[in-house]
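Chain and residue survey
This is what each chain is made of:
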Amino acid sequence: MSHGKLWGGRFNESAADAMEALSRSVHFDWRLAPYDLRGSIAHAHILESAGLLTPAESQSIVEELTLMITQYHEGVLVPESSDEDVHGALERILVERLGEAGGKLRAGRSRNDQVVTDFRLFLRDAAAQIVVQLTDLADAFISQAEKHVQVAAPGFTHLQHAQPVSLGHEIAKHAHALLRDIDRLQDWDKRAAYSPLGAGALAGSALELDPKRSALELGFTDAVANSIDAVSDRDFAAEAAFVFALVGVHLSRIGEEWCLYASKEFGWVNLADAYSTGSSIMPQKKNPDVAELARGKSGRLIGNVVTILTMLKGLPFAYNRDLQEDKEPLFDSLDTLNVLLPAITGMIQTSTFNVDVISRSAPTGYSLATEIADWLVVRGMAFSIAHEVAGACVRQCEASGIDLGQLSDAELAQINPKLTPEVRQVLHVDGAIAGRSRFGGTAPAAVSLQIAALKSETSRTRAWAELKLASTL
Ligand code: ARG
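Below is a summary of the structure that appears in this document. Within each chain, residue numbers correspond to sequence positions counted from 1 in written order. Under the rules for a predicted model, residues below a pLDDT of 70 receive no local features and side-chain atom pairs below 80 are neither given nor counted, while totals for whole chains, interfaces and linings still include all residues. Water and hydrogen atoms were dropped before computing side-chain values, which therefore reflect all heavy atoms in the structure.

The next subject is a nonpolar patch on the surface. Think of a patch as exposed residues, more than 30% relative accessible area, with no salt bridge, where like charges cluster within 9 Å and nonpolar side chains (Val, Leu, Ile, Met, Phe, Trp, Tyr) cluster within 5 Å. Every accessible area reported is derived by Shrake-Rupley at a probe size of 1.4 Å, with residue values counting cover from the shown protein chains alone. Definition used for salt bridges: Asp or Glu carboxyl oxygen within 4 Å of a side-chain nitrogen of Lys or Arg. Together, Trp 7, Phe 11 and Met 19 make up an exposed nonpolar region whose accessible area comes to about 280 Å². Helical segments are the DSSP runs of H or I of at least four residues, strand segments are the runs of E of at least two, and each set is numbered from the N terminus. Relative to the helices and strands, Phe 11 resides in the segment before helix H1 (17-23). Looking at Phe 11, the relative accessible area reads 44%, which means it is partly exposed. Partly exposed describes any residue whose relative accessible area lies between the buried limit of under 20% and the exposed limit of over 50%, with all areas from a 1.4 Å probe on protein chains only and scaled to the type maximum.

Below is the structure:
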């Protein structure tokens, strides 16, 4: 039979083992315990101010709850496997320690408002921790980008050589995606910062309890304005799951690039031994498992969003037991990112780029053909015609196995009389890159500005997360 059960008065028969086994959540919701205890401390203060706990009772309850938080972190506060859920287990322990006074804490609240308060508190902390790790990863890209601003690289579209770019530009692009993820989490936090505590089962409390006061004590902006919405809303969980999935998708795409870069065919990147694995049969192998796991684990992060949305979609707007299923997908997304992000960051920090290989291939694949078209446009030709002319140059080069710069004066003139020998002046990788100096462009000067802006962004996001985490458990 369950311990720590918070109901039962109206039942004649005890619950079936199968029913209890299905109902039990303590094996996964125990990680909400410190947040539940914090919520209980705020609730004790509210009960005291309503005259429902004496100052002495409130003090002894708050002291015991505070001790329990410490004991939780020391690993000595543990539930019984027979406890139903985290709320029941903590109340059982409190009553065992303080007697009847511990039971007074249940007045004016329900597990329905308690669990969702705990979950919001937990997720807000967890999201701030993810922001720190995303910032670490963004910084890893930024410092690699900074070292390679002057290195020319082939830029790709369709994974084919497209136009030459600065390697620093290519690397820094990832920091922008990660900073958008951080921005999403910061924006999410504003909506998650409303406290459901005080909503009770659904209707609020008839006791003189002020939900706004406990909201502020718990670091929320305010209380949720509708008590039914307070216990029914899980938008914050679905949104967080989505942001974590999108982070997963970004990590997956990074992983895919690093797998390619580390291949013999590309030969762009050497992975540090510390972030590579070997093969049990092929002694020569050095595998990019970190990058592959980044790609692979995105599947479960995406799956967790689908789990939450599917669980929610048929539910009446109130508390329903289905909502107990909201926690494990989010825990899994967080556990996944918490192992993935430090490993990816380490892999990026320790990767070394074979700059000779990279810059040698920057002009290959006729990646300077656009320069010819642009050169003709500046001289008055319509781009549609210039595009044809540059295409004819590529065709000619392909047929004779030469590069664009090797077309003779006669060959150029034959393709189009406007193609004078001066066109060769733009057939240089460095010039092509340096010419794209406008905002967001690939010229080293433009990339350096982008990197400076990224750096001030990451110091801002780090400060935001550190401030949030300073006030947590
Ligand atoms: N373990 C439950 C959950 O996670 C707590 C709320 C239970 N409420 C109830 N009315 N049975 O949702």
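Don't stop here, the text continues.
Two elements in contact, helix H3 (residues 33-49) and helix H4 (residues 55-74), have axes whose closest approach is 9 Å; the angle formed by their N-to-C orientations is 170 degrees. With respect to their mutual orientation, H3 and H4 come out roughly antiparallel. Facing Ala 33, Pro 34, Leu 37, Arg 38, Ser 40, Ile 41, Ala 44, His 45 and Glu 48 of H3, the residues of H4 in contact are Pro 55, Ser 58, Ile 61, Val 62, Leu 65, Thr 66, Met 68, Ile 69, Tyr 72 and His 73. Partitioning the contact of H3 with H4 into residue classes produces twelve nonpolar, five polar and two charged. For helices, the fitted line uses only the C-alpha atoms of the stretch in contact; every axis is such a line through C-alpha atoms, and the angle between N-to-C directions lies from 0 to 180 degrees. Any angle that is under 35 degrees is reported as roughly parallel, and any over 145 degrees as roughly antiparallel; angles of 65 to 115 degrees are reported as roughly perpendicular and all others as oblique. Contacts were defined at the residue level, with two residues in contact if any of their heavy atoms lie within 4.5 Å. Gly falls in the polar group here, along with every residue not listed as nonpolar (Ala, Val, Leu, Ile, Met, Phe, Trp, Tyr, Cys, Pro) or charged (Asp, Glu, Lys, Arg).

Our next topic: the site of the ligand. Taken together, Ser 25, Asp 85, His 87, Arg 111, Asn 112, Val 115, Tyr 319, Arg 321, Gln 324 and Lys 327 are the residues near the ligand. For the purposes of these results, a polar contact is taken to be a pair of N or O atoms within 3.5 Å, where, inside protein, one atom must be able to donate a hydrogen and its partner to accept one; residues adjacent in sequence count only when each atom of the pair is a side-chain atom. Asn 112 is positioned with one of its side-chain polar atoms (N or O) 2.9 Å from a nitrogen atom of the ligand. The contact in question runs from a nitrogen atom of the ligand to an N or O atom on the side chain of Gln 324, over 2.8 Å. Bound to the protein, the ligand loses 86% of the 350 Å² it would expose on its own. A per-element tally of the shell around the ligand places helix H7 (residues 111-147) first, with three residues. Partitioned by chemical class, the residues of the shell around the ligand number two nonpolar, four polar and four charged. The cutoff for a nearby residue is simple: one of its non-hydrogen atoms must lie within 4 Å of the molecule or strand.

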